[in-house]
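Here is what each chain is made of, one letter per residue.
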Amino acid sequence: MSKDIFVAVEQRGGTVQKVSIELLGEARRLAGLLKESVVAVLMGSGVTEQANLLHQYGADRVLVVDHPVLAHYTTEPYAKAMTHVIRAYDPNIVLFGATSIGRDLAPRVAGRVHTGLTADCTSLDIEEETGLLLMTRPAFGGNIMATIVCKDYRPQMATVRPGVMPLPAKEAERAGLVEQVDAGLSMGDQNVEILEIRAHEKKHVDITEAKVLVSGGRGVGGPEGYVPLRELANVLGGEVSASRVGVDSGWIEKDRQVGQTGKTVRPSLYLACGISGAIQHQAGMENSECIIAINVDEGAPMMKLADLGVVGDLNVIIPKLTEAIRAYRTGQAV
């Protein structure tokens, strides 16, 4: 009988990625509803020492598949290892991060174990009557939120977007079981040759990590409209982000996009400047702790979602707000 919630842990260079910690916290919540256990599946080379960290964030048990062929992510060895784990342990639910790795790995594994996969979920829950996993994701271009169930096949599988689940508290004294798994891997499973790995040096903080986001939409008017937003973000210790129109218009980089086709963020403060607030954008930021909207249209959807709405011209308001914050922090009168 299928049992327990498994989390496919993503690690890069031996470092467990934030999305996996988020998934452990969510798995812990779901496991409480089902009265099941949380099992982390840690794949890599020389990664066993990370098992304790996974216990501290919610795993009851850690299955470690440690082999040199898993030193760097490539599809075939990782798919073989995860498929072996699922067939050997028969989990009820398996969760992956909806990252470049998770989006590559999860569908291949689902195909091999003959089950369904709900991709890019923004919400998970358990149906009280049946115990089925309710997997919610944007559908039809983000115009509706669809809740999907997998009634007839196991495991129930989903990829979950980074940033949509809160980070669980770390319990330093928490411990659990660690089991080494032999998935029958060999270096012959490496069906591609890695010629070179080029690490991309990030010049900005990833917007999913930022505590403060100053986000611009159509109302900024062009690439020059993001200049005052960057100045405000600097004084607030935050980052600049954007709605889809800013990216599609070439005003700002793709990795700054918030929304259904961009990134999901949960900052302490989200400042929406000239953003109408279409449902596709709201799907990526609605869980922000505090939302402030600045817009000339008081009837814009974003103004209704916001904790505080300011009706006015952002080109006037943003510079004055930046100046006021600078003056406050230096103790000067405005």
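Right above here is the structure, for reference.
Quick notes on the rules
- Residues numbered from 1 in each chain as written.
- Predicted model: local features only at pLDDT ≥ 70, side-chain atom pairs only at ≥ 80, totals over all residues.
- Heavy atoms only, no water.
- Pairing = 2+ DSSP bridges.
- Helix = DSSP H or I, 4+ residues; strand = E, 2+ residues; numbered from the N terminus.
- Axes fitted to C-alpha atoms, helices over the stretch in contact; angles between N-to-C directions.
- Contact = heavy atoms within 4.5 Å.
- Salt bridge = Lys/Arg side-chain N within 4 Å of Asp/Glu carboxyl O.
- Buried < 20%, exposed > 50% of the residue type's maximum accessible area, 1.4 Å probe, protein only.

Trainee: What is the right way to look at the sheet that holds strand β13 (residues 212–216) in this model?
Mentor: Sheet strands line up and pair through hydrogen bonds in the backbone, either parallel or antiparallel. Pairing is parallel across the open sheet formed by five strands, whose spatial order is β14-β13-β15-β16-β17. Each of the sheet's edge strands pairs with one partner strand only, and the pair in question is β14 (239–242) and β17 (308–311). Recorded for the sheet is a direction-independent mean angle of 20° between the axes of neighbouring strands. Sheet topology places β13 next to strand β15 (residues 269–273); five bridges connect them, and they run parallel. Bridge pairing in β15 links Ser 215 to Ala 272. Its contacts with the sheet place helix α5 (residues 226–236) against β13, β14 and β15, and it is angled at close to 170° to β13.

Trainee: What should I look at first to understand the pattern of salt bridges in this one?
Mentor: Note on pairing: side chains with opposite charge can pair once their charged atoms come close. Summed over all chains, the structure comprises 16 salt bridges. Between Asp 4 and Arg 61 there is a salt bridge; the shortest N-O distance is 4.0 Å. In this pair, Asp 4 is assigned in the segment before β1 (5–9) and Arg 61 in strand β5 (residues 61–66), connecting sequence segments 57 residues apart. Linked by salt bridges that have partners in common, Asp 4, Arg 61 and Glu 179 make up one network.

Trainee: Would you mind going over unusual backbone geometry with me for this structure?
Mentor: Here Arg 154 and Pro 155 are connected by a cis peptide whose omega angle stands at 5°. Structurally, Pro 155 is set in the loop between β10 (144–148) and β11 (156–160). A positive phi angle, near 80°, is found at Asp 4, a position not held by glycine. Residues other than glycine seldom take positive phi values, yet Asp 90 does so here, at roughly 50°. We classify Asp 90 as partly exposed; its relative accessible area is 31%.

Trainee: Even after reading the chapter, I still don't get the sheet that holds β10, so can you show me in this structure?
Mentor: On the basis of which strands lie adjacent, the open sheet formed by three strands has the order β8-β9-β10 and antiparallel pairing. If you trace the sheet from one side to the other, it starts and ends with β8 (123–126) and β10, each paired once. For this sheet, the mean angle separating the axes of adjacent strands, direction not counted, is 25°. On the sheet, helix α1 (residues 18–34) packs against β8 and β9 (133–139) and is oriented at approximately 15° with respect to β8.

Trainee: Would you take a moment to explain the pairing of β5 for this structure?
Mentor: Side-chain positions along a regular strand alternate between the two faces of the sheet. As paired elements, strand β4 (residues 38–44) and β5 share six bridges and run parallel to each other. Across the sheet, residue Met 43 finds its bridge partner in β5, namely Val 65. In this sheet, strand β12 (residues 177–180) lies alongside β5 in parallel orientation, the contact comprising four bridges. Each residue of the ladder has a partner; that of Val 62, found in β12, is Val 178.

Trainee: Just checking my understanding: could you explain the pairing of β4 for this structure?
Mentor: β4 sits mainly inside the fold: seven of its seven residues count as buried. By the alternation rule, side chains of β4 split into Val 38, Ala 40, Leu 42 and Gly 44 and Val 39, Val 41 and Met 43, which are all buried. For β1 and β4, the ladder comprises five bridges, and the chain directions are parallel. Looking across to β4, one finds that Val 7 is bridged to Ala 40.

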